Amino acid sequence: MKKIVSSFVLLLLSISGYSQGHYSGSSFNPNDYFAPHEGLIIPVWYGFANMNYYNGQGKKTDQLINNFSGEPNSLTIKQNVKTHSFILMGIYGGKGKILNANWGMMLIPTLNSPTASIALDYYTQQTGAGTYNFTNKNVGFGDMYIQPVWLSWKAGNFQYALNYGVWAPTGKYEPNSLDNGGHGYWSQNIRVAVKYKPTPKINVIAAYILEINHWQKKTDFKEGTHLTFDMGGSYLLNSRGDEIGVFGHFTTQISDDKGTEGSKLSDQVGGVGGFVSYWIVPKKIGAMARITQNFSAENRFAGTAFQTGINILIPTSKEEH
């Protein structure tokens, strides 16, 4: 976050459009931290987000304070951060075991309009007080997520997962540019997760994700490390595998930004949401929709995000994990 493959969706920053760094909390549906069925899963998704900026006191505002090594700048921002994103994922569930664990791999190239986090990067790089308007409506390639380590183990009613992935800076990035599609730096994501199954139809999940960001190219700036706690649950509606669920997260910055450029303000954000999945063709083609609402945002853009899409399953084995 796999009993229900149609529940699979990974909606990270490039899709949901809120969060600094690359990873957005609640990017996975609750069951999707764990290695998938043997075979190939191809999700095709669209996402929309409507975001506003919240200051260090958690208040929605058009005033953004830059905290450079010199005097802080007070910027008036004209908020118009609505993002559209498209994604074609490749997810592979491997045969056999690695370290006695089910295993898989994931590759996610992204196509998106500039996200709210990219808008914040633009605002925080302005070096003088004044009024700034982020109005870019272009669509281009974003950064790519690669997850080569995806392991999960079962023990009674419990399941455990260890995942490692990286965000590669494949999207366009130029300092102070309005049409950036990426962040211009690598990020490492390390995730541990646990699932408890009290009944055959109910799953309860918790996960911790550590995101370690690297130096941004062409600038003297390094985004701080973030820690995210994800949680959620799902309920199996019928023998077809249709499912509903809820999820939530809280993200906080646990190390300071570095360098002389960009904001030095620590940030946090929470979120809650829900999803529904439905098999159009049982165990072959599934549809899903989900919505997320942010809260407790500080020094971030936050708001509402909606995603919908289709998941295509090409199994290589009838055996379920």
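Our structure is the block above this text.
Within every chain, residues take consecutive numbers counted from 1 along the sequence as written. pLDDT decides what is reported in this predicted model: residues at 70 or higher carry local features, side-chain atom pairs at 80 or more are listed and counted, and totals for whole chains, interfaces and linings draw on all residues regardless. Excluding hydrogens and water, the side-chain values take into account all heavy atoms of the structure.

**Q** Let's hear about the nonpolar core: which residues, and what values?
**A** Definition used in this section: a nonpolar core is a set of buried Ala, Val, Leu, Ile, Met, Phe, Trp, Tyr and Cys residues joined via side-chain atoms within 4.5 Å. A simple rule labels every residue: compare its accessible area, found with a 1.4 Å probe on the protein chains alone, to the largest value its type can have, and call it buried under 20%, exposed over 50%, or partly exposed in between. Formed by 24 residues in total, the largest nonpolar core has its most connected members in Tyr33, Phe34, Met89, Ile91, Met106, Ile108 and Ala193. Counting from the N terminus, the helices are DSSP H or I runs at least four residues long and the strands are E runs at least two residues long. Every element with two or more residues in this core is listed here: strand E1 (39-54), strand E6 (102-108), strand E10 (144-155), strand E11 (158-168), strand E13 (202-213) and strand E18 (268-281). The greatest single-element share of this core, amounting to three residues, is contributed by E13. Sequence-distant contacts of alanine 193, that is, excluding residues within four places in its chain, are made with Tyr33, Phe34, Gln159, Tyr160, Ala161, Ala206 and Ala207. Tyr53, Leu64, Ile77 and Val81 belong to the second largest nonpolar core, which has eight residues in total. Contact between two residues is taken to exist if any of their heavy atoms lie within 4.5 Å; hydrogens are not considered.

**Q** Account for the packing of aromatic side chains, with residues named and values stated.
**A** Working definition: rings of Phe, Tyr and Trp (its six-membered ring) pair if their centres are within 6.5 Å, and the pair is stacked with planes under 30 degrees apart, edge-to-face with planes over 60 apart, and tilted otherwise. All chains considered together, the criterion is met by seven aromatic pairs. Between tyrosine 145 and tryptophan 167, the aromatic rings sit 5.3 Å apart at their centres with planes inclined by 45 degrees, giving tilted as the arrangement. Placement of tyrosine 145 in strand E10 and of tryptophan 167 in strand E11 is noted, with a sequence separation of 22 residues between them. What makes tyrosine 145 buried here is its relative accessible area of 1%. Relative accessible area serves as the criterion here: at 1%, tryptophan 167 is assigned to the buried category. For the ring pair tyrosine 208 and phenylalanine 229, a centre distance of 5.0 Å and an interplane angle of 40 degrees mean the geometry is tilted. Residue tyrosine 208 is found in strand E13, and its partner phenylalanine 229 is found in strand E15 (residues 226-236); the two are separated by 21 residues along the sequence. Given the relative accessible area of 44%, tyrosine 208 is considered partly exposed.

Function cannot be inferred from these measures alone, as they are strictly geometric.
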